[in-house]
Amino acid sequence: MRTRRAVTIWGLLLDMTLVLGVGAAYATHRWSCWKYANGSINIYNGATGDYNAIFNEEARTDSNSWHNFTDINLTAVGSAGSTDHANCFSGNYGQNGWLGIAELQRVSGCTILQGRARLNNTYLVSYSRTNKEHVACQEVGHLWGLNHNRGSSTTCMNDTILTAPQPNSHDQSLVNSIY
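Residues numbered from 1 in each chain as written. Predicted model: local features only at pLDDT ≥ 70, side-chain atom pairs only at ≥ 80, totals over all residues. Heavy atoms only, no water.

Participant: What am I meant to see in the overall build of the protein here?
Facilitator: The secondary structure content of the protein amounts to six helices and six strands. The buried share of the protein, reckoned over its 179 residues, is 41%. Pairs at least 24 apart in sequence give 69% of the contacts found in the protein among residues at least 6 apart. Here the protein has roughly 9000 Å² of accessible surface; of this, 53% comes from carbon and sulfur atoms. (Helix = DSSP H or I, 4+ residues; strand = E, 2+ residues; numbered from the N terminus. Buried < 20%, exposed > 50% of the residue type's maximum accessible area, 1.4 Å probe, protein only. Contact = heavy atoms within 4.5 Å. Areas by Shrake-Rupley, 256 points an atom, 1.4 Å probe, with all protein chains shown as cover.)

Participant: Would you mind showing me how to read the packing of helix 2 (residues 50-61) against helix 5 (residues 129-143) here?
Facilitator: As a packed pair, helix 2 and helix 5 sit with axes 9 Å apart at the nearest point and diverge in direction by 55 degrees. By the angle class used here, helix 2 and helix 5 are oblique. Every pair of crossing elements has a handedness; the one defined by helix 2 and helix 5 is right-handed. Taking contact as the criterion, the partners of Asp50, Tyr51, Ala53, Ile54, Phe55, Glu57, Glu58 and Ala59 in helix 2 are, on helix 5, Arg129, Lys132, Glu133, Ala136, Cys137 and Val140. Among the residues forming the contact of helix 2 with helix 5, the class breakdown is eight nonpolar, no polar and six charged. (Axes fitted to C-alpha atoms, helices over the stretch in contact; angles between N-to-C directions. Parallel < 35°, antiparallel > 145°, perpendicular 65-115°, else oblique. Left-handed = near helix turned anticlockwise from the far one by under 90°. Nonpolar A, V, L, I, M, F, W, Y, C, P; charged D, E, K, R; others polar.)

Participant: How should helix 6 (residues 169-178) be read in this particular structure?
Facilitator: The periodicity of an α-helix, 3.6 residues per turn, causes residues three or four places apart in sequence to face the same way. If you check which residues of helix 6 are buried, you get His170, Asp171, Leu174, Val175 and Ile178. The arc that holds the buried residues of helix 6, viewed along the axis, is 130 degrees, so those residues lie on one side. Summarising the geometry of helix 6, the exposed residues directed more than 90 degrees from the buried face are Ser169 and Ser177. (Arc of directions from axis to C-beta.)

Participant: What exactly am I supposed to notice about the pattern of salt bridges here?
Facilitator: Between side chains of opposite charge, a pair can form when the charged atoms approach closely. Counted by the stated rule, this structure contains six salt bridges. The closest approach of N and O atoms between Asp50 and Arg129, which form a salt bridge, is 3.3 Å. Of this pair, Asp50 sits in helix 2 while Arg129 sits in helix 5, and the two are 79 residues apart along the sequence. With its nearest N and O atoms 2.7 Å apart, the salt bridge here joins Glu103 to Arg116. Of this pair, Glu103 sits in strand 5 (residues 100-108) while Arg116 is found in strand 6 (residues 111-120), placing the two residues 13 residues apart along the sequence. When salt bridges that share partners are traced, they join Asp50, Glu57, Arg129 and Glu133 into one network. (Salt bridge = Lys/Arg side-chain N within 4 Å of Asp/Glu carboxyl O.)

Participant: I tried to follow the layout of surface pockets on my own but got confused; where do I start?
Facilitator: Rolling a probe over the atoms, with the probe sized like a water molecule, indicates the empty space that remains. Approximately 160 Å³ is the volume found for the largest pocket. The wall of the largest pocket is formed by Trp98, Leu99, Gly100, His134, Val135, Gln138, Glu139, His148, Asp159, Thr160, Ile161 and Leu162. Looking at the lining of the largest pocket residue by residue, the classes come out as five nonpolar, five polar and two charged. (1 Å grid on protein atoms, 1.4 Å probe; cavity = no way out; pocket = protein on both sides within 12 Å on 5 of 7 lines; lining within 4 Å. Points joined across faces, edges and corners; volume = space filled by probe spheres on them.)

Participant: It is not clear to me how the environment of Thr160 should be interpreted in this structure. Could you clarify?
Facilitator: You can see Thr160 is positioned in the loop between helix 5 and helix 6. Its relative accessible area of 56% is what places Thr160 among the exposed residues. Each C-alpha atom of the pair Thr160 and Asn149 lies 9.1 Å from the other, and the pair is 11 residues apart in sequence. Side chain to side chain, Thr160 and Asn158 meet in a polar contact 2.5 Å long. (Polar contact = N/O pair within 3.5 Å; in protein donor to acceptor, adjacent residues only side chain to side chain.)

Shown next, in the form of structure tokens:
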């Protein structure tokens, strides 16, 4: 009887851990409360060389890009801006530990006014195009309000892999619920 009760209690604790722990992490990989005021966002692509094409594809033009895969509506603009702007760049930023980074430069409460995604060519120069696409997709996804999602190997929001250069249906649903 005592052993049976202990097994039942441990089983319930395991179930609660799975439901509240892993399940919650997968279901809500929001990056705090950050989001643009609405899904209509200006995007400036100041990246150079192939990185310009990669940012353009991952953000706007590929069929599985954020623009085409979610309710976000991106308008390409010719210069970096400070209101309702996502600005994308590439460069040799040195050996600082990051392949890409998303930065919120101007916020008001939880509203992003200006975000910046950067790809670090110092490291990425030796990576495959798929790896670069994965990093670009992830940094842009951060700007939309998503955090890392280590629960899936089919999303660019997983920062432990570099082989899924697109958002998945879970990312789409989450972005659509945010905007």
